[in-house]
Amino acid sequence: MGYCPNTPDDIRDMLAAIGAASVEELFAPIPAELRAKSFELPPGMSELELMRLMREKAASCGADITPFIGGGIYDHFIPAAVDHLASRAEFYTAYTPYQPECAQGTLQALYEYQTTICRLTGMEASNASLYDGGTAVAEAALMSLRITDRHKVIVDASVNPLHREIVTGYLHGLSAQAVQVAPDGCASDLAGLMAAIDDETAAVIVQSPNFFGSVQDFRELAQKAHDHEALLIVSCYPIALGLVASPGEMGADIAVGEGQSLGNHLSFGGPYFGFIATRKRFIRNLPGRIVGETVDHQGRRGFVLTLQAREQHIKRHKATSNICSNQSLCALRGLIFCASLGKKGFEDLAQLNYDKAQYAKSVLGAVRGIDLLNSGATFNEFTLALPKDGAEVVQRLLDKGVAAGVPLGQYYPGMERALVVTVTEKRTKDEIDRLALLLEEVLWS
Amino acid sequence: MELIFEKSVSGRTGVRVPLSDVPKAASLPDAVRRREPVRLPEVGELDLVRHYTNLSRRNFSVDTNFYPLGSCTMKYNTKVTENAGGLFASCHPMLALLPGGDQLVQGPLAIVYELERQLAEITGMEEVTTQPLAGAHGEMTGIMVIAAYHKARGDAKRKYVIVPDSSHGTNPASAAMAGYEIVTVPTAPYGDMDLDLFRQAMNDEVAAVMLTCPNTLGLFNPHIAEICAIAHEGGALTYYDGANLNAILGKVRPGDVGFDVIHVNLHKTFGTPHGGGGPGSGPIGVRGDLVRFLPTPRVVRREDGSYAVEDHPEGIGRVSDFFGNFAIMARAYAYIMLLGREGLIEVSEQAVLNANYMMARLKEEYELPFDQTCMHECVFSASRQVENGVHAIDVAKYLIDRGFHPPTVYFPLNVKEAIMIEPTETESKQTMDAFIEVMLEAARMARENPGRLHEAPVTTPVGRLDETRAARMQQVCCE
């Protein structure tokens, strides 16, 4: 094999230095009865054969489907520079920057990333990334338990149902409680959420835009939470933050979200990254790695992993989280994506998403028998009421090469005829018009 | 180097946003509209490319430097597997969850399924889930599975998880996140968890024992089967932390030994890159009667050979959004196919040979607290150098000046001044010899000119950084 470079001569010399007769002798500390009973795997391949096999697998991955689906993961354009720069092996074959003098590249990039996340979310302190959007919401919930020393979180059921499942799982073992508040149509039931807050509540978790695409003002909810010394956690979609009020502006204490849409490929579910940011006074309760600025003995600026006394390798079972490896390279992609677009480009991109979705709303909403379910503002997703079962309509349109949306029946019993449609900047007017025609056809012919 | 934000020039624009082919919409209502644009840098594409290219040059990495970071398995990441992992970039995961959508993503579903089967064979477990997104996430998922097992048996009194004091910090932290209290068992003079103390710690309130084998000292624990038996007698389950699996590929399967739950770090053993701290991937495997507690959903193979996504109603729920860090899993799958059975056995053999060679060559100058045949890594102590005022960190920083990434230092915690070296199988004798020369030189220097070691590193863009100041200032983003 080409990846173990030692020659028979090297191996002979090394064994002599060790004083062993054979490589097998080095495995002598393993009792014979513990040796592997089986190891049935295929023989190795050449690069050529391997790529043939992998291309065969990749040929069947839905690449020819036009996606009007989101559900937390979005088909956005990625500037070429993102792939090129993140493919620098100095970035991707390094590890956790525990030795800062030879890892200033990663450390400074993560510091810039943290700055970017703070500016996007309107927060003051970000960590260096979490695994994904769902686990970020769960970590925020755990963080609120630590800060308030309470055991109940209120979860708006218009938060992504996949994320809510993860939150429930994370809270389960800790005997903490997640109280779900049903939405009011396609909007968060703000009155219901406020009524649920009491002095036992650690936090209220909402999402902006929510799973149905609705964008709401959470300022009053934040005030009510703060009156009870509870926190407001807002899970947000970063592309929307180019246009929509940030969690910080809304009065949130913790902002989290799925970072995929910032320059990370769809890749059948990952790797992506989760982000989490908070007010400076809660910084010691953040989970995961944080990069901080400092100086060397000559006063030169440099960056290090900081506040490590929160983390598992120091605090063990008393750490703020068990997270060790994070999604550093994906966070780097997020940073480069944001810096590529810049201040104006990022706003323009958000506007374009909004404009396209508004156009799609008008066109699809005009299809016979279809109603728009969102009563207020939306960003690039919205919910349609169909005259037929949503799952059935989606399945029939998949046969025509279009993923028309996410049918809601599997997540919200009673909403079997509802469909969440996503329109990013990548969907063209022609594709939107075609979706309207296909819907008309499937519904009425 | 300046920050990208400090290179920003007002009015400069970056990449062009796609043109619009739809009418401009009426604006969002004021109450939900952002007041000011996000203060992102305003730089041109060339500025951006130079900035990040030059930043990357301030890193040591496997592709540029020998990186014997103990416990992290910094092996070479083959380039063809990078290409393979990139083939699925445009595949939307939500497709798999749509009605009938699994038919459209048969390729990636096949990879999930086959990788799970391969990992089950490699580790000797019944079934595997690829959902956990990193090793620690796998640990937490595994402990949640164990909790579900005890609960299903109506065994509510178990509230402790036992870990040895040499364990990775993630073990106790993961068990605590799953709601358990931690009992730590000290290491015996022979280098493994003290068997007598472990026996004393075991009782019917213990839910699980978490172990790494080889342990963090790089030693294979000969009592491992006995530990499993004692745990099982007490009704507890055994958890295998697969961080050190690279040492035993094809030699030992944790499932054969008696472990009930394991996790595997694809970014360590199966050659996927470490990404400057992640992404990793931490699939877990379980024995037969624990399969029903695995997270939902599961990828199954139908009789006609097609793959489908199924709910797993008795499981612990969902631990991540979809099927795990898929593009990392695809790389690991490609790595296993590339190396094949013989190649994977060669991995463990050469990894163990390299580590023993390092140990043999360095033990004259560096204290070796447990002088016995090691597996894939060896742990020294800088205790002799401390007599001259030189610490493990000083040796580490000098290595940087000489172009080597330092080993892991100050871990495991049960060895004072620990220097933990894991060369991996992909390094040649010649590379290791060059590293050994510098280590020996550092030992000489500790006696003759310790000041030089205290000054190190002097060749890097910054010298030793003031970590206390960073923790005090808490400057974690620029204004």
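Residues numbered from 1 in each chain as written. Chains lettered and ligands numbered in written order. Predicted model: local features only at pLDDT ≥ 70, side-chain atom pairs only at ≥ 80, totals over all residues.

Some thoughts on the nonpolar core
Moving on, step 1. One finds Ala141, Val204 and Ile233 of chain A to be the most contacted residues of the largest nonpolar core, which totals 316 residues.
Moving on, step 2. Looking at this core element by element, the count peaks at 23 residues for helix H11 (residues 326-362) of chain B.
Moving on, step 3. Apart from the residues lying within four places of it in its own chain, the contact partners of Ala141 of chain A are Val153, Val167, Tyr170, Leu171, Ala203, Ile205 and Ile233 of chain A. (Core = buried A, V, L, I, M, F, W, Y, C linked by C-beta atoms within 7 Å. Buried ≥ 20, exposed ≤ 12 C-beta atoms within 10 Å, placed from the backbone. Helix = DSSP H or I, 4+ residues; strand = E, 2+ residues; numbered from the N terminus. Contact = placed C-beta atoms within 7 Å.)

Quick notes on the sheet that holds strand S11 (residues 408-409) of chain B
Residues and elements named next belong to chain B.
Moving on, step 1. Read from one edge to the other, the open sheet built from 3 strands follows the order S10-S12-S11, with strand pairing classed as antiparallel. Each edge of the sheet is formed by a strand with only one pairing partner; in this case those strands are strand S10 (378-381) and S11.
Moving on, step 2. Here S10 runs beside strand S12 (residues 418-421); their pairing, made up of 4 bridges, is antiparallel. Residue pairing across strands places Cys378 opposite Ile421, the latter belonging to S12. (Pairing = 2+ DSSP bridges.)

Remarks on the sheet that holds strand S2 (residues 160-164) of chain B
Residues and elements named next belong to chain B.
Moving on, step 1. Pairing within the open sheet is mixed, and its 7 strands lie in the order S1-S7-S6-S5-S4-S2-S3. If you trace the sheet from one side to the other, it starts and ends with strand S1 (127-129) and strand S3 (181-185), each paired once. Neighbour to neighbour, the strand axes of the sheet diverge by 25° on average, direction disregarded.
Moving on, step 2. Of the strand pairs in this sheet, S2 and S3 are connected by 5 bridges, and their pairing is parallel. What sits directly across from Pro164, in S3, is Val185. (Axes fitted to C-alpha atoms, helices over the stretch in contact; angles between N-to-C directions.)

A short note on the interface of chain B and chain A
Moving on, step 1. Each partner contributes to the interface: chain B provides 175 residues, whereas chain A provides 174 residues.
Moving on, step 2. Broken down by element, the side of chain B that touches chain A gets its largest block of residues, 22 residues, from H11 of chain B.
Moving on, step 3. Per-class residue counts for the side of chain B that touches chain A are 96 nonpolar, 49 polar and 30 charged. (Nonpolar A, V, L, I, M, F, W, Y, C, P; charged D, E, K, R; others polar.)

Concerning helix H12 (residues 328-365) of chain A
Two residues of an α-helix separated by three or four positions point the same way, owing to the 3.6 residues in each turn.
Moving on, step 1. Compared with the 56 Å implied by 1.5 Å per residue over 38 residues, the 41 Å span of H12 of chain A between its first and last C-alpha is markedly short.
Moving on, step 2. The buried fraction of H12 of chain A amounts to 33 of the 38 residues, a majority that puts the element mostly inside the structure. (Expected span 1.5 Å × (residues − 1).)

Some thoughts on the domain arrangement of chain A
Residue and element names in this part refer to chain A.
Moving on, step 1. Partitioning chain A into domains gives domain 1 (66-75 + 343-444) and domain 2 (80-337).
Moving on, step 2. Using only C-alpha atoms to locate each centre, domain 1 and domain 2 end up separated by 28 Å.
Moving on, step 3. In this complex, domain 1 contributes 24 residues to the contact, which on the side of domain 2 involves 23 residues.
Moving on, step 4. For the side of domain 1 that touches domain 2, the secondary-structure elements that each account for two or more residues are H12 and strand S12 (381-385).
Moving on, step 5. Element by element, the count of residues in the side of domain 1 that touches domain 2 is highest for H12, at 7 residues.
Moving on, step 6. Among the residues forming the side of domain 1 that touches domain 2, the class breakdown is 12 nonpolar, 9 polar and 3 charged. (Domains from an automatic or database assignment.)

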